[in-house]
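Analysis of the macromolecular model
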Amino acid sequence: MVDPLQSPEEVEGRTERRRFVLEETGFDEVPKRYRKFYRKWRGPGDQLGPNEAICPVCKVVIRSSRELWPGDRLYCMPCMSRLVVVESADGTLEARVSY
Amino acid sequence: MADTIDAYSIQNWLESCPQSYLMDTEYGHGPEEKEPDFILDNEVVLEETIKATVQLVVGERCALSASSGLINAAPDEASRRFLATQTLDEARHVEVFTHRLYDLGVKKQDLEGTIQRYANPNLVKFAEILLEKVDRKDFVSGVVGQNIVLEGMAFSVFEMMHAMNEPVNAKFAHTLSGTIADERRHVGFGENRIGSLIQQHPEKRPEVEQMQKEMSYFMLATFADAFRNNQTANELEAAGIERPHSEYQGVDLGTMEPEEMEQVLADTVLKEFKTRLGRIGIEYQTPARP
């Protein structure tokens, strides 16, 4: 299992996750086989895709080959943090650290 | 996917660092990359660049002493191995920034004298607070001081320096991007390891919070000295060299006065401290402003 989406959560009323084909983004801070799952964050104007979340610890964008849903568990390899996806007040998804 | 313990392994470090972003580098940058002429040919800019690089060497020497000193204070084997890799990272940072001083014309026999002449006394006090905790083998305080306060500061400082250097100095930007990648692991270890340890040692909180307040004050004093007395912007303007319009935290660094840049950096670092410490259950203490 190389995808950072470690434990997909079931969400009531949602049936199928969208799939994404990931390509290399030039991120080279993890071993080769994991690189396409991460990219550098380009700052406040950087729009995240439905399969992406920013790691709050190291500010790298984590990318899954599947759409992210609230409750999903992610792993950030560049800083070795375990994260949980939550829906924020404005309806966007964000990742929170799970110690 | 490796679990948390495997993540702290030497194997993970080998594949992520020397076999990845450090591949084919020499002292952290490409073999052909050089310091630009606008630094080497201008006495004032050169001296300011040496002065700034000395602060990086001083900070990294502190980080090297702290991470190596914490190995034998660590309560578990995985943390000891991680700190061993961090010790090598910090030693590499000391080496690459020292080598930059040589590239800027500092002679080997003048290295220690140059560091003594330019080392900011506030940065030295910042380091002393941390190293006193390490000397007492206080693992919780030591890791918060090293991997959250010092590394959190370094992370933001390097990000800002990287933004400023990327358009005009590919060599130093390359060196910084490698150190930023290292810092990601270090802050990750700090938050994740202390996040669980502080729950087991709630009695440590007041001491850790006081340390953060003191270290933050000396950090701000170091920033104040570094920006308020810096002649680089004036000198570049006098020489007709336009500063690059680098973006950092949503602002254009190419149009800002040094004092404004100091404010942006200080606010960014303090906000990060507050967020990171809050996540692990430590109450951020607002430092006095120098």
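Everything here concerns the structure above.
This structure is a prediction, so every number in the text was calculated from the model and none was measured.

Each value, and the rule that gives it
- The residue numbering used here restarts from 1 in each chain and proceeds along that chain's sequence as written.
- The order in which chains are written sets their letters, starting at A; the order in which ligands are written sets their numbers, starting at 1.
- Two thresholds apply to this predicted model, a pLDDT of at least 70 for residue-level local features and 80 or more for giving and counting side-chain atom pairs, whereas whole-chain, interface and lining totals are computed over all residues.
- Values shown for side chains rest on all heavy atoms present in the structure; no hydrogens or waters enter the calculation.
- Only DSSP runs of H or I reaching four residues or more are called helices, and only runs of E reaching two or more are called strands; each is numbered from the N terminus.
- Note that the radius of gyration is over C-alpha atoms, with the globule rule given as 2.2 Å times the number of residues to the power 0.38.
- Throughout this description, buried means an accessible area under 20% of the type-specific maximum (1.4 Å probe, protein chains only), exposed means over 50%, and partly exposed covers the range between.
- Per-residue and other accessible areas were derived by the Shrake-Rupley procedure at a 1.4 Å probe size, with only the shown protein chains allowed to occlude residues.
- We count Lys and Arg on the positive side and Asp and Glu on the negative side, and we leave His and both chain ends out.
- Where a charge sits is defined by one atom per residue type, namely NZ (Lys), CZ (Arg), CG (Asp) or CD (Glu).
- Think of it as the arc spanned by the lines of direction from the helix axis to the C-beta atoms.
- Only heavy atoms enter the contact rule, under which two residues are in contact if any of them lie within 4.5 Å.
- Here a pair means two rings of Phe, Tyr or Trp (six-membered ring of Trp) with centres within 6.5 Å. Their orientation is stacked below 30 degrees between planes, edge-to-face above 60, and tilted elsewhere.
- Here, a charge over a ring means that NZ of Lys or CZ of Arg falls within 6 Å of the ring centre while also lying within 35 degrees of the ring normal.
- Helix span, expected: 1.5 Å multiplied by one less than the number of residues in the helix.
- Between N or O atoms, a polar contact is any pair within 3.5 Å; within protein, one atom must be a potential hydrogen donor and the other a potential acceptor, and residues adjacent in sequence are included only when both atoms are from side chains.
- Axis definition: a line fitted to C-alpha atoms, over the contacting stretch in the case of helices. Angles run 0 to 180 degrees between N-to-C directions.
- Note on angle classes: values under 35 degrees are labelled roughly parallel, values over 145 roughly antiparallel, values of 65 to 115 roughly perpendicular, and the remainder oblique.
- Handedness of each helix crossing follows the sense of rotation of the near helix against the far helix: counterclockwise by less than a right angle gives left-handed, clockwise gives right-handed.
- Throughout, the ten residues Ala, Val, Leu, Ile, Met, Phe, Trp, Tyr, Cys and Pro are labelled nonpolar, Asp, Glu, Lys and Arg are labelled charged, and all others, Gly among them, are labelled polar.
- Should DSSP find at least two bridges between two strands, the strands are taken to pair.
- The criterion is simple. A nonpolar core is a set of buried Ala, Val, Leu, Ile, Met, Phe, Trp, Tyr and Cys residues joined through side-chain atoms within 4.5 Å.
- Take a side-chain nitrogen of Lys or Arg and a carboxyl oxygen of Asp or Glu: if they are within 4 Å of each other, that pair is a salt bridge.

**Notes on the overall build of chain A**
If you tally the helices and strands in chain A, you get zero helices and seven strands. Ordering the α and β elements of chain A from the N terminus gives β-β-β-β-β-β-β. Relative to the globule expectation of 13 Å for 99 residues, the C-alpha radius of gyration of chain A, 13 Å, shows essentially globular dimensions. Looking at chain A as a whole, 47% of its 99 residues qualify as buried. With an accessible surface of roughly 5,200 Å², chain A has 46% of that area assigned to carbon and sulfur atoms. When the 17 basic and 16 acidic side-chain charges of chain A are each reduced to a single mean position, those positions are 6 Å apart.

**Concerning helix H6 (residues 111–118) of chain B**
Residue and element names in this part refer to chain B. Along H6, the positions that sit buried rather than exposed are Leu 111, Thr 114, Ile 115 and Tyr 118. Each buried residue of H6 lies within a common arc of 100 degrees when the element is viewed along its axis, so the set occupies one face. When the buried face of H6 is taken as reference, the exposed residues oriented beyond 90 degrees from it are Gln 116 and Arg 117. Here the buried face of H6 lies against helix H4 (43–71) and helix H5 (77–103).

**Quick notes on the packing of aromatic side chains**
Residue and element names in this part refer to chain B. For the structure on display, the rule yields seven aromatic pairs over all chains. Ring plane angle 70 degrees and centroid distance 5.2 Å describe the contact between Tyr 8 and Phe 189, whose orientation is recorded as edge-to-face. Of this pair, Tyr 8 sits in the loop between helix H1 (4–7) and helix H2 (10–21) while Phe 189 sits in helix H9 (residues 170–200), and the two are 181 residues apart along the sequence. Considered together, Tyr 8 and Phe 189 belong to a single accessibility category, that of buried residues. An aromatic cluster is built from Tyr 8, Phe 82 and Phe 189, whose rings are joined through pairwise contacts. Over the ring of Phe 172 we find Arg 100; its NZ or CZ atom is 3.5 Å from the centre of that ring. For Arg 117, the ring lying beneath its charged end belongs to Tyr 118, and the centroid distance is 5.1 Å.

**A closer look at H5(B)**
All names here are of chain B. The terminal C-alpha atoms of H5 lie 39 Å apart, and with 27 residues this matches the ideal 39 Å at 1.5 Å per residue to within 8%. Taking the backbone nitrogen of Ala 78 as reference, a side-chain oxygen 3.4 Å away marks Asp 76 as the first, capping residue of H5. At the exit of H5 stands Gly 105, carrying a positive phi of roughly 105 degrees.

**As for the packing of helix H7 (residues 121–135) of chain B against helix H8 (residues 139–165) of chain B**
Residues and elements named next belong to chain B. As a packed pair, H7 and H8 sit with axes 8 Å apart at the nearest point and diverge in direction by 150 degrees. For the element pair H7 / H8, the angle class is roughly antiparallel. As for the relative orientation of H7 and H8, their crossing is left-handed in sense. Along its contact with H7, which presents Phe 126, Leu 130 and Lys 133, the element H8 presents Ser 141, Gly 142, Gly 145, Gln 146, Val 149, Leu 150 and Met 153. In terms of residue class, the contact of H7 with H8 is built from five nonpolar, four polar and one charged.

**Things to note about the sheet that holds strand S7 (residues 93–97) of chain A**
Residue and element names in this part refer to chain A. The strand order S1-S5-S6-S7 describes an open sheet built from four strands, whose pairing is antiparallel. Looking along the sheet, the strands with just one partner apiece sit at the ends: strand S1 (5–7) and S7. Here the average twist between neighbouring strands, direction ignored, is 40 degrees. Alignment of strand S5 (residues 73–76) against strand S6 (residues 81–87), held across four bridges, turns out to be antiparallel. Paired with Arg 73 across the two strands is Val 84, which belongs to S6.

**Observations concerning the nonpolar core**
Nonpolar side chains in soluble globular proteins tend to end up buried together. Core analysis: the largest hydrophobic core is formed by 104 residues, its most contacted members being A:Tyr38, B:Phe126, B:Phe139, B:Met219, B:Phe223 and B:Phe273. Examining the composition of this core, we find that 15 residues originate from one element, H8(B), more than from any other. Setting aside its immediate chain neighbours within four residues, B:Phe223 contacts B:Met153, B:Val157, B:Glu262, B:Leu265, B:Ala266 and B:Val269. Among the nonpolar cores identified, the runner-up in size contains five residues, and B:Cys17, B:Tyr21, B:Leu22 and B:Ala181 belong to it.

**Considerations on the pattern of salt bridges**
All names here are of chain B. Following the criterion strictly, the structure yields 31 salt bridges over all chains and no others. Between Arg 61 and Glu 112 there is a salt bridge, and its shortest N-O distance comes to 2.7 Å. You can see Arg 61 sitting in helix H4 and its partner Glu 112 sitting in helix H6, a full 51 residues away along the chain. Given a relative accessible area of 30%, Arg 61 falls into the partly exposed group. Classification of Glu 112 as partly exposed rests on a relative accessible area of 40%. When the shortest N-O distance is used, the salt bridge between Asp 267 and Arg 289 registers 3.2 Å. With Asp 267 in helix H12 (residues 258–279) and Arg 289 in the segment after H12, this pair connects stretches of sequence that are 22 residues apart. You can call Asp 267 partly exposed: its relative accessible area is 37%. A cluster of three or more residues bridged by salt bridges with shared partners is formed by Glu 132, Lys 133, Arg 136, Asp 138, Lys 204 and Glu 207.

Everything listed is a geometric property; what it means functionally is a separate question.
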